[in-house]
Amino acid sequence: MSTICVFIENPAGAAFKHCFDEKRRVLESVTAVSRPYPYHYGFVLNTDAADGDNLDCFVLTERKLTTGEVVECAVLGLMEQLEDGIVDHNIIACPSGEEVEVTAAARSALSEFVSHVFDHIEGKIVQPGRFLDAKVALRHLAACQGREQ
């Protein structure tokens with residue numbers, strides 16, 4: 001199974017978003033969000049997603065992770081997402097060596113979170129889509145690695 005390196009922006013349970021210059025890994029701001037993160041959230045290093053940022057990633061684990069930590073992860077799947085009409089899919093991963101499933105409860109928590117995390121921003125529309133398997137996620141990841149400048 002392929003591994004990826006994920007930079008943790010926001011730990012599970014945080015009700016704020018650390019906004020980084022993702023290419024330089026420099027913290028630019030911290031803002032409140034409308035829902036706490038159900039899982040650790042960050043971005044996959046050395047990628048360039050359709051929105052110009054790195055590819056987003058949720059890390060499913062019981063381990064405590066902190067902002068700025070880089071974690072080697074195994075790819076579990078992909079959650080489709082549109083943000084203001086732009087493709088902004090999320091890789092779903094777990095730390096290497098852990099056995100984790102993307103359960104119905106996890107899918108529900110992620111869908112609810114992305115649907116409402118930016119409720120405080122008027123006009124912001126985030127739409128969750130399908131949950132797809134690791135093969136699809138790895139193809140999407142390869143495409144995002146191929147875009148990097």
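Residues numbered from 1 in each chain as written. Predicted model: local features only at pLDDT ≥ 70, side-chain atom pairs only at ≥ 80, totals over all residues. Heavy atoms only, no water.

Some details on the pairing of strand S4 (residues 40-44)
So, point 1. The buried fraction of S4 is high, at five of five residues.
So, point 2. Two elements, strand S1 (residues 3-10) and S4, share four bridges in a ladder whose sense is antiparallel. Residue Phe7 lies in a different strand from S4, and its bridge partner there is Phe43.
So, point 3. In the sheet, S4 pairs with strand S5 (residues 55-59) via five bridges, with the strands oriented antiparallel. In the sheet register, Gly42 faces S5, and the bridge partner there is Cys57. (Buried < 20%, exposed > 50% of the residue type's maximum accessible area, 1.4 Å probe, protein only. Helix = DSSP H or I, 4+ residues; strand = E, 2+ residues; numbered from the N terminus. Pairing = 2+ DSSP bridges.)

Observations concerning a nonpolar patch on the surface
So, point 1. Among the surface-exposed residues, Phe16, Leu27 and Val30 lie close enough to one another that they form a single nonpolar patch of about 250 Å² accessible area.
So, point 2. For Leu27, the position within the fold is in strand S3 (residues 26-32).
So, point 3. Classification of Leu27 as partly exposed rests on a relative accessible area of 44%. (Patch = residues over 30% accessible without salt bridge, like charges linked within 9 Å, V, L, I, M, F, W, Y side chains within 5 Å. Areas by Shrake-Rupley, 256 points an atom, 1.4 Å probe, with all protein chains shown as cover. Salt bridge = Lys/Arg side-chain N within 4 Å of Asp/Glu carboxyl O.)

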